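The residues making up each chain are set out below.
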Amino acid sequence: MNAAQMPLTEPTSFSPERGAELAHSLAGLRVRIASACAAASRPPGAVTLVAVSKTYPASDIAAAHAAGQMIFGENRVQEALGKFPPLRQTCPDLRLHLIGPLQTNKVRDAVRIADVIETLDRPALADALAREADRQGRMPDLLIEVNTGSEPQKAGIQPEEADAFIAQAQSRFGAKLTGLMCIPPAGADPAPHFTALATLAARHGLTVLSMGMSADFEAAIAKGATHVRIGTAIFGSRPPLTTA
Ligand SMILES: *Cc1c(COP(=O)(O)O)cnc(C)c1O
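First things first, this report covers the structure right here in the doc. These numbers were taken from a predicted model, which means no experiment stands behind them. Each chain carries its own residue numbering, running from 1 in the direction its sequence is written. For a predicted model such as this one, the threshold for reporting local features is a pLDDT of at least 70, and the threshold for listing and counting side-chain atom pairs is 80 or more; totals across whole chains, interfaces and linings nevertheless cover every residue. Note that water and hydrogens are dropped before the side-chain values are worked out from all heavy atoms of the structure.

1. Description of the nonpolar core
No. 1: In these notes, a set of buried Ala, Val, Leu, Ile, Met, Phe, Trp, Tyr and Cys residues joined through side-chain atoms within 4.5 Å is what counts as a nonpolar core. Throughout, exposure labels follow a simple rule: accessible area from a 1.4 Å probe, protein chains only, divided by the maximum for the residue type, with under 20% read as buried, over 50% as exposed, and the rest as partly exposed. Among the nonpolar cores identified, the biggest contains 68 residues, and Ile33, Leu120, Leu129, Ile144, Leu180, Val228 and Ile234 are the most heavily contacted of them.
No. 2: Should any heavy atoms of two residues lie within 4.5 Å, those residues are considered in contact. Those residues within four positions of Leu180 in sequence are excluded, and the remaining contacts are Leu143, Ile144, Val146, Ile166, Leu197, Leu200, Ala201, Leu206, Val208, Leu209 and Ser210.
No. 3: Among the nonpolar cores identified, the runner-up in size contains 6 residues, and Ile99, Val116, Leu143 and Val208 belong to it.

In C-alpha cells, the structure reads:
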C-alpha cells in the first residue's frame, strides 16, 4: 500500500447533539421496521438493520453504536479500512457488511475486515475469495448479488445465470454462502424484484435476503427481507457521489 492509498484513521468521538440525533432516527426506524414486520405477519425480530454508513465519519458509527446499532454497511473497502479498525478498538462487537461492487484487487482487505460480503457476483471473484480465505484462514459470510433488473451498468450476476452460479458457490463455500442480495432498478416498482430474489433464494434453500433501502424497505419486508440496508433514513442525505 502506498501513501496515497493509506487510509487515514478517523477519530471516533462524537458530540452529544449528534448522538441524540442518531439515537432518535434509529429509534424511529426501528418502529417502522417493527410495523412493517407486523403488517407482514412476521415476528418483530425477523429483520436485521444494516446501517449504511458510507460517506459518514467513524464518529457517526460510534454514535449509532452507542444507540444500540451493531451492524454497519460500507460500499468501499478503502473507506471501511479507515473507519473500522479504530472503531473496533472501542466497539469490538461492531459488524461490517461490504455492500458495494468488489474488485478482485480489494479482496485481501475485504476478507480481512468484513464480517459479511454481500456482493459476490462473478466466478473470478469467487476464485479470488476462495484463494484469499485459504491464505488468511478466515472467510466472511457471503451473499450473492443478483442483478434482478438485468441492468448493464449494475453489478450482480444476471438472473439467467444465477441458478448455476448459486449452485457452484454452495458446493464451494458451503454454509458460508448464506443468501442473496439485490438492488432493484431506480424508478421501477421494486416489489417484483424482491419477489424474484425471494423465490430464487427459496429454490436453493438460502435463508438470508438482503433487500430494501431507505425508500423501499417496507415493501422488501413484505416480500421476506431478512436484512434491510438503510443509510439516509438514519444518517441524513449524502452529498452526491463523484464516482459510483
Ligand atoms: C447506499 C446503499 C444503501 C443505502 O441506501 P439509502 O437509500 O441511503 O438507504 C443500500 N444498499 C447499497 C448497496 C447501497 O450502496
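More follows now that the structure is in view.
2. Description of helix α3 (residues 77-90)
No. 1: With 14 residues, α3 should reach 20 Å at 1.5 Å per residue; the first-to-last C-alpha distance of 20 Å fits that figure.
No. 2: Residue Phe84 marks the point of greatest curvature in α3, where the axis turns by about 30°; the proline Pro85 follows within four residues.
No. 3: Where α3 is concerned, the buried positions are Val77, Ala80, Leu81, Gly82, Lys83, Phe84, Pro86 and Leu87. Put simply, DSSP marks the helices as runs of H or I at least four residues long and the strands as runs of E at least two long, and each gets a number from the N terminus on. To estimate the expected span of a helix, count its residues, drop one, and scale the result by 1.5 Å. Bend, at a single residue, is the angle you get between axes fitted to the 7 residues ending at that residue and the 7 residues starting at it.

3. Some words on the environment of Leu206
No. 1: As for its placement among the helices and strands, Leu206 is situated in the loop between α7 (191-203) and β7 (208-210).
No. 2: In this structure the C-alpha to C-alpha distance between Leu206 and Pro239, which are 33 residues apart in sequence, comes to 35 Å.
No. 3: In this view, Leu206 contacts Ile166, Gln170, Leu177, Thr178, Gly179, Leu180 and Ala201; residues no more than four positions away in its chain are not counted.

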